[in-house]
Amino acid sequence: MKKHRMYYIRQSAAALTILLSAALCGCSSDKGVNGQVIVYNWGEYIDPETLLMFEEEYGIKVIYDEFETNESMYPKVESGAVAYDIACPSDYMISRMIQNGMLSEINYGNIPNAKKNIGAQYFEQSRGFDPENKYAIPYCWGTVGILYNRTMVEEPITCWEQLWDEKYADNILMQDSVRDAFMVAEKLNGHSMNTLDPAELEAAKNLLIEQKPLVQAYVVDQVRDKMIGGEAAIGVIYSGEAIYTQKENPDLVYVIPEEGTNVWIDSWVILKNAPNKENAEKFINFMCREDIALMNFEYITYSTPNVAARELIEEEEIKNSEIAFPDLSQYGNLETYVYLGEDGDYLYNELWKEVKAY
Amino acid sequence: MKTIAKRIYVALIILFLYAPIGILMVLSFNRSKTRAKWGGFTLHWYRALFQNEEILRALLNTLLIALLSSLIATVIGTVACIAMNGMKRRAKSVLMGITNIPMLNADIVTGISLMLLYISLGIKFGMGTILLSHITFNIPYVILSVMPRMKQLNVSTYEAALDLGSSPLHAFFKVVFPDLLPGILSGFLMAFTMSLDDFIITHFTKGVGVDTLSTKIYTEIKKGIKPEMYALSSLIFVTVLTLLVLVNLSPTDKKSSVGTLDSENASHSP
């Protein structure tokens, strides 16, 4: 009896929703001739034109959804409210998803453009979080470095250590995120930025506390605007933002610090429970095509790992830009974040709280 | 001296209320993408806004959901008030308490629980789920603003209408409804704004590829919010401002104008 009632409720609820959604948006439910593919990507992280081109060429309808942080993407995928086919998380989140068995292995046979167009060094760098390159195909990457205003400093900035120079008190912008802040201190100490060694972490924490009086602010995306406006002399920033800030303010210089830094990679992954796996492969293959990768590079302006696309860039200045395409082999001690596990995350967060509260 | 202090005080309050919006509007005419530099006056972002299909679709979704959800919630809420009015005291206050809880409940709790409910019922996420959720959290606001009017209702007029041969339905629409109207209208407006504003519940209950303005803006965080959004926000603000001015300037100050409606409602609320 109870079961019967439950069934009834379920039926009527479903019927109501179908009715409503059909009435509201008849458009979103129609599929392409060859089905659909559901993509979950960062906001503003693709040239919308390329989606239309894909739909036209393959007859596959793209259902496109956006997220704002790795941390907000993860629970949505995990909850299974929507069965996504493809997502585009960052390095450490990919290692977490691999550990939790949420990803499906890539069949490179169906994605020929991946090995053909994407530089081997980027696959090599990905081994940090995807040891056998089984799950992730690089889409965008970059470094974390120092952006400084050459009119506001006395000598060129080349290393993290200068962020501890009292000359620049109240003129320094740090990233307001645990991993990025600790990365700076850990690199300066010559340790790994994925360390879980208590002594090394303690040292990094003390270094950050020591630096705190010199820091003007801990910020995230305001680094961009503050540096353009000349509100600070030195800031820690993602390389993807550096070219844009330089265009707005030619006095700004971006450097990769001598002590080494973080190389981040956002990659395409296919989810384990993807309902349209074949279409997902076609989509990723399409995104790896050189002309499409070029369009996306020009739209997003973050470095593309697609070597063939880089060859097609017409502006010599950008094509050979040390900021967009640094030669990774020239820098020592580059690392990529990996997932530290729940305990590791907790440890870092506690230490970061101590720094912030100090 | 005292008046000067008063004026400064009011000026400060108005400054803090409207300076952010003012800055936003100025930036919407800024040629440069960054807030740090004035690149000259341009209408480019307004043009770009009307060519940006995604933003326009998000705007349409937002308005559609706000309108539909507040309309449906108004109907359900009003009917619920009528029913509750006929109940015994005890049952009425219990029901009032139950409908008040969702309003006090944190949005994130409501959002996550709705998401879990839809998953367990196997409902497909999309426009429908957003609409259902918005109706859900709108109903209490309607009840809250209709109920006080209900209490003041004079039952005798309704009974008189029945005595004079009117059918109950007819009597309701001719006698009761006009008395309730101010409450219903302000309930509707409240529900509309709540729905327009909502981010968290929408975030958890939206399906793929369906965005409202709030969720759309939020996804732009990684790359920085585009100036088209400044343009859109300025347009929305100006529209609302003009509407308010028009309503308050209307020559024959009818009873149902927004201004009187609000003050009446405020003075009657418990």
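Numbering of residues begins from 1 in every chain and follows the order in which that chain's sequence is written. Written order decides the labels, with chains lettered from A and ligands numbered from 1. For a predicted model such as this one, the threshold for reporting local features is a pLDDT of at least 70, and the threshold for listing and counting side-chain atom pairs is 80 or more; totals across whole chains, interfaces and linings nevertheless cover every residue.

### Some words on the domain arrangement of chain B
All names here are of chain B. Convention followed: Here the limits of each domain have been adopted from an automatic or database domain assignment. By the convention adopted here, residues make contact when the C-beta atoms placed from their backbones lie within 7 Å.
The assigned domain composition of chain B is domain 1 (1-44) and domain 2 (53-268). Look at where the C-alpha atoms of domain 1 and domain 2 centre, and you get two points 31 Å apart. Each side of the interface is counted separately: domain 1 has seven residues, and domain 2 has six residues.

### Side note on the domain arrangement of chain A
Residue and element names in this part refer to chain A. Heads up, the condition is: By definition, any uninterrupted DSSP run of H or I lasting at least four residues is a helix, any uninterrupted run of E lasting at least two residues is a strand, and each is numbered from the N terminus. Each residue is assigned to one of three groups, with Ala, Val, Leu, Ile, Met, Phe, Trp, Tyr, Cys and Pro labelled nonpolar, Asp, Glu, Lys and Arg labelled charged, and all others, Gly among them, labelled polar.
Entries for chain A in the domain assignment read domain 1 (32-141 + 264-325) and domain 2 (142-263 + 333-357). In this complex, domain 1 contributes 17 residues to the contact, which on the side of domain 2 involves 14 residues. The element best represented in the side of domain 1 that touches domain 2 is helix H4 (residues 91-99), accounting for five residues. Looking at the side of domain 1 that touches domain 2, its residues break down into eight nonpolar, seven polar and two charged.

### Examining the interface of chain A and chain B
Taken together, the 31 residues of chain A in the interface contact 31 residues of chain B. Among the elements of the structure, helix H1 (2-24), strand S1 (36-42), strand S2 (61-67) and helix H9 (222-228) of chain A are those that each provide at least two residues to the side of chain A that touches chain B. Of the residues forming the side of chain A that touches chain B, the biggest block, seven residues, is contributed by H1(A). In the side of chain A that touches chain B, the residues fall into 14 nonpolar, seven polar and ten charged.

### Looking at the pairing of S1(A)
All names here are of chain A. Which entries qualify depends on this criterion: Counts of 20 or more other C-beta atoms within 10 Å of a residue's own C-beta define buried residues, counts of 12 or fewer define exposed ones, and intermediate counts define partly exposed ones; C-beta atoms are placed from the backbone. Viewed with both strands pointing away, a crossover whose connecting path from the first strand over the helix to the second turns clockwise is right-handed. Think of it this way: DSSP has to see at least two bridges between two strands before they count as a pair.
Burial analysis of S1 places six of its seven residues in the buried class, the great majority of the element. The parallel pair S1 and S2 is bridged by helix H2 (residues 48-58), and the resulting crossover is right-handed. Where S1 meets strand S3 (residues 86-87), two bridges bridge the pair, whose relative direction is parallel. Each bridged residue has a counterpart across the sheet, and for tyrosine 40 the counterpart in S3 is alanine 87.

### Topic: the confidence of the model for chain A
Convention followed: For every residue, the predictor states its confidence as a pLDDT score lying anywhere from 0 to 100.
When pLDDT is averaged across chain A, the result is 88; 91% of the residues are at 70 or more. Below a pLDDT of 50 lies the segment residues 21-29 of chain A, which in the model reaches twelve contacts outside its immediate sequence neighbourhood of four places, other chains included.

### Concerning helix H5 (residues 107-121) of chain B
Defined as follows: Any helix carries an expected span of 1.5 Å times its number of residues minus one. To obtain the arc, one takes the directions from the helix axis to the C-beta atoms.
Here H5(B) is 15 residues long and its end C-alpha atoms lie 21 Å apart, about the 21 Å a rise of 1.5 Å per residue gives. All of the buried residues in H5(B) are B:Thr110, B:Gly111, B:Met115 and B:Tyr118. Seen along its axis, H5(B) keeps its buried residues to an arc of 130 degrees; they face one direction. Within H5(B), the exposed residues directed more than 90 degrees away from the buried face are B:Val109 and B:Ser120. For H5(B), the secondary structure elements touched by its buried residues are helix H3 (70-79) of chain A together with helix H4 (89-104), helix H6 (127-152) and helix H9 (200-205) of chain B. Looking one or two residues beyond H5(B), the residue adopting positive phi is B:Gly122, at roughly 70 degrees.

### A look at helix H8 (residues 168-197) of chain B
Residues and elements named next belong to chain B. Inclusion rule: At any given residue, the bend is defined as the angle formed between two axes, one fitted to the seven residues that end at that position and one fitted to the seven that begin there.
Over its 30 residues, H8 extends only 38 Å from the first C-alpha to the last, a length that falls short of the 44 Å expected when each residue adds 1.5 Å. Bending of H8 peaks at approximately 55 degrees at the position of phenylalanine 177, with proline proline 178 no more than four residues after it. Of all the positions in H8, only Ala171, Val176, Pro182, Gly183, Ser186, Gly187, Phe188, Ala191, Phe192, Met194 and Ser195 are classed as buried.

### Side note on the environment of A:Ala185
Residue and element names in this part refer to chain A. In this structure, alanine 185 sits in helix H7 (residues 178-188). The sequence separation of alanine 185 and tyrosine 92 amounts to 93 residues, and the corresponding C-alpha distance is 19 Å. Leave out the neighbours within four places in its chain, and alanine 185 touches Ala204, Leu207 and Leu208.

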